[in-house]
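Understanding the architecture of this molecule
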Amino acid sequence: MVSVDNPRLRPGQRLALERWTQALAAGSRSELVVVPVGYGKTIIGVGSFAIAAAGGHADACLYLTPTDVLRTQVYHGLERALEVLDARLDVRKYLAENATLHRAAANRANVIVATYQQVAAAPQRYAKLCARQRVHLVCDEAHHLGERGQWAAALRALPVATTMLLSATPVRLDREPLAGARYVPAEDGEGLVIDPLVHVTMRQAWREGRILKRLAMQMKDYAVELRSADGEIYTFTASEMAELPDFDQRCVRQQLRWNDDYVQPLVREFARTLERKRALAPGQHQGLVFAATTAHAEHLARVFARHHPGLRCAVVHSGDELPAAEAEQRLRDFHAGRYDVLIQVRKASEGFDAPTVSVLLKLDAVFSREPVIQQLGRGLRYNHNLPEAQNVLHVFIGRDPRLAPIIDHLEREAALPAIPGQRDRDEPRQEVEAAHAEAEHVAGGPEDHAIPEIVDVVEAGDAVLDETGRLIEGQQLTMFGIPAPPPPAPRAAAPVAPAPAPVQREVIDLQAELQEAIDYCKTWTSRAARERAKRFGTRENHFAVLNAAYARETGQRGTLSTAADYRRKGDWMKRKYLELLG
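Below is a short write-up of the structure. (Residues numbered from 1 in each chain as written. Predicted model: local features only at pLDDT ≥ 70, side-chain atom pairs only at ≥ 80, totals over all residues. Heavy atoms only, no water.)

**Quick notes on the overall build of the protein chain**
A tally of regular secondary structure across the protein chain gives 18 helices and 19 strands. The buried share of the protein chain, taken over its 582 residues, is 52%. In the protein chain, the proportion of contacts linking residues at least 24 apart, taken out of those at least 6 apart, comes to 76%. Accessible area for the protein chain stands at about 26900 Å²; split by element, carbon and sulfur atoms hold 50% of it. (Helix = DSSP H or I, 4+ residues; strand = E, 2+ residues; numbered from the N terminus. Buried < 20%, exposed > 50% of the residue type's maximum accessible area, 1.4 Å probe, protein only. Contact = heavy atoms within 4.5 Å. Areas by Shrake-Rupley, 256 points an atom, 1.4 Å probe, with all protein chains shown as cover.)

Shown next, in the form of structure tokens:
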């Protein structure tokens with residue numbers, strides 16, 4: 001059971017768990033909770049299972065994430081979540097691997113953490129797992145689940161009892177509805193709006209404090225000299241680009257991303273800021289770069305290597321040149337601090353949690369409000385290893401007219417936009433197509449349409465939205481309407497109340513327990529096989545002989561599943577080894 005009166009719960013967490021309890025009692029079996037990055041979705045996800053279990057709705061939890069890194073973070077964060085929840089729930093947790101999924105049931109796991117990719121790769125195995133007991137499904141970063149996507153289709157086939165969807169931004173760039181989420185008609189009758197169980201806005205998170213970093217955005221302007229399709233030369237600034245025809249804008253933006261006079265000043269400011277922060281707090285600051293294409297990402301890596309060789313950079317993308325396993329390893333290495341800068345293409349824009357990311361460089365083509373806020377969220381998560389004054393996200397970006405509505409959002413945080421009704425969903429996704437087309441190399445337009453060409457680019461000043469919420473250039477802003485926090489006033493120490501008695505709970509790490517038993521079994525099997533080889537020569541396969549002898553003597557045949565199985569076999573091999581020693 002979960003105590004929703006626990007003072008360690010944030011207001012939004014408490015409200016989500018209260019409403020989830022009410023929803024279950026009212027007959028609902030699937031709900032969506034929207035909270036900003038860093039708000040503690042894992043606590044809500046684990047709490048939703050504890051409530052479903054206490055109400056007799058579920059016996060086990062399948063907790064899904066979009067990436068392997070997040071899967072590991074959730075797995076190791078379960079104990080902390082239970083502590084915050086003050087939950088009376090014993091947990092036998094298992095980190096899923098598809099090839100050994102049968103071990104989860106054999107070891108009586110009641111919390112299984114996996115990725116959407118794993119379920120999509122082996123839907124029948126997970127369906128069989130869910131059919132054995134009443135399963136509560138938690139879908140982290142649920143905005144990855146488009147209604148017509150492969151992941152959502154795999155999840156629909158799972159026979160689960162209850163579902164909790166969690167997301168920071170429940171609006172997809174393609175405007176597809178989220179699978180399993182509830183929608184209602186918009187007030188103006190145009191389209192549908194999502195109807196979450198609870199929606200904690202970024203504005204609320206700012207007010208609560210110690211959830212999000214402050215934001216300092218530097219928008220670098222440029223004077224651009226352009227030769228038009230007709231051969232005419234004229235000059236404009238990047239902030240005036242909206243006055244160009246649409247095709248010319250697309251060509252100019254694409255060329256700017258590859259122009260050294262445009263890229264190097266942004267990279268320079270990004271690198272200097274990151275190096276300054278790293279010197280102030282070693283190991284607590286990293287940088288994230290949003291590139292437009294795989295070739296663009298590799299180009300930016302060369303720019304960093306040439307001008308800032310002291311920064312260790314990694315490139316991740318989903319291109320054919322980089323195997324998925326290598327990309328995942330680079331992401332893990334970045335999280336482990338082995339890289340200072342991650343240059344990525346659509347691999348860390350969503351579902352990527354790294355409190356140490358405190359400097360962003362945006363050089364991709366995405367400028368829609370929700371995706372950009374999602375990108376900013378990759379670095380907005382509060383770093384509790386740093387004092388509040390150092391919890392600032394520095395963002396570097398070229399000045400662009402498309403920034404205006406995003407800056408406006410940072411001031412007002414408008415309501416979530418509607419998605420098209422069912423009849424309109426099959427229309428072309430113009431926003432997605434425009435962003436992707438702009439990111440690609442503009443090889444040519446229509447046959448009778450020449451391409452405008454950039455002749456020269458020169459820095460033309462900066463606009464800075466600093467961490468106090470002030471946009472330097474005359475316009476005054478606050479961050480989500482919340483002014484910068486004043487410095488804390490000195491105060492007398494509060495009397496220390498006696499700590500409450502800890503809740504008695506047990507969390508068993510089945511993965512660690514199983515691996516320890518497997519290693520024990522392997523060690524003594526190897527020792528016994530080596531000793532037998534000394535005694536009888538090398539013409540036999542001594543591993544096979546020992547395994548066959550174990551099966552005959554114990555009746556244990558087939559694949560071992562539990563830690564107890566591996567320990568018993570390890571004990572048997574140890575005895576054989578000692579017998580062979582004489």
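**Overview of the side chain of N6**
For N6, the position within the fold is in the segment before α1 (11-25). Discounting residues that sit within four places of it in the chain, N6 has contacts with R14, E83, V84, L85 and D86.

**Some remarks on unusual backbone geometry**
What is expected of a backbone is that most residues other than glycine have negative phi and most peptide bonds are trans. With phi around 55°, D86 is a residue other than glycine that occupies positive phi space. Turning to its location among the elements, D86 is positioned in the loop between α3 (68-85) and β3 (91-95). With phi around 50°, E141 is a residue other than glycine that occupies positive phi space. Residue placement: E141 occurs in the loop between β5 (135-139) and α7 (150-156).

**Here we look at the nonpolar core**
Formed by 74 residues in total, the largest nonpolar core has its most connected members in V33, M217 and L376. Residues contacting V33, with those up to four places away along its chain left out, are A16, I44, M164, L165, L166, S167, L197 and V198. Residues A60, L62, V119 and V135 belong to the second largest nonpolar core, which totals 45 residues. (Core = buried A, V, L, I, M, F, W, Y, C linked by side-chain atoms within 4.5 Å.)

**Considering the packing of aromatic side chains**
Under the defined criterion, the tally for this structure stands at 6 aromatic pairs. An angle of 40° between the planes, with centres 6.2 Å apart, marks the rings of Y234 and F236 as tilted. Residue classification places Y234 among the partly exposed positions, given a relative accessible area of 25%. We classify F236 as buried; its relative accessible area is 6%. Consider the rings of F270 and F304, whose centres lie 5.7 Å apart with planes at 80°: the pair is edge-to-face. Placement of F270 in helix α10 (residues 260-280) and of F304 in helix α11 (residues 294-307) is noted, with a sequence separation of 34 residues between them. (Phe/Tyr/Trp six-rings, centres within 6.5 Å; stacked < 30°, edge-to-face > 60°.)

**As for the state of the cysteines**
Working definition of a disulfide: a covalent bond connecting the sulfur atoms of two cysteines. Throughout the structure, instances matching the rule amount to 0 disulfides. Among the cysteines around C139, which has no disulfide bond, C61 carries the closest sulfur, lying 9.8 Å off. (Disulfide = S-S within 2.5 Å.)

**Considering the pairing of strand β1 (residues 30-34)**
Extensive coverage of β1 is indicated by the burial of 4 of its 5 residues. Two elements, β1 and strand β6 (residues 162-167), share 5 bridges in a ladder whose sense is parallel. Note that in β6 the partner of L32 across the bridge is L165. Taken together, the 2 bridges between β1 and strand β9 (residues 198-199) define a ladder with parallel strand orientation. Bridged to V33 within β9 is V198. (Pairing = 2+ DSSP bridges.)

**With respect to the environment of Q284**
With respect to the helices, strands and loops of the structure, Q284 is situated in the loop between α10 and β12 (286-290). For the pair Q284 and H384, spaced 100 residues apart in sequence, the C-alpha to C-alpha distance is 10.0 Å. Not counting chain neighbours up to four residues away, the residues in contact with Q284 comprise T356, N383, N385 and L386.

**Examining α1**
Counted at 1.5 Å a residue, the expected span for α1 with its 15 residues is 21 Å, and the 21 Å between its end C-alpha atoms agrees. Buried residues of α1: G12, Q13, A16, L17, W20, A23 and L24, and no others. Angular distribution of buried residues about the axis of α1 spans 130°; they occupy a single face of the element. Across from the buried face of α1, at angles greater than 90 degrees, the exposed residues are Q22 and A25. Just beyond α1, the residue with positive phi is G27, at close to 105°. (Expected span 1.5 Å × (residues − 1). Arc of directions from axis to C-beta.)

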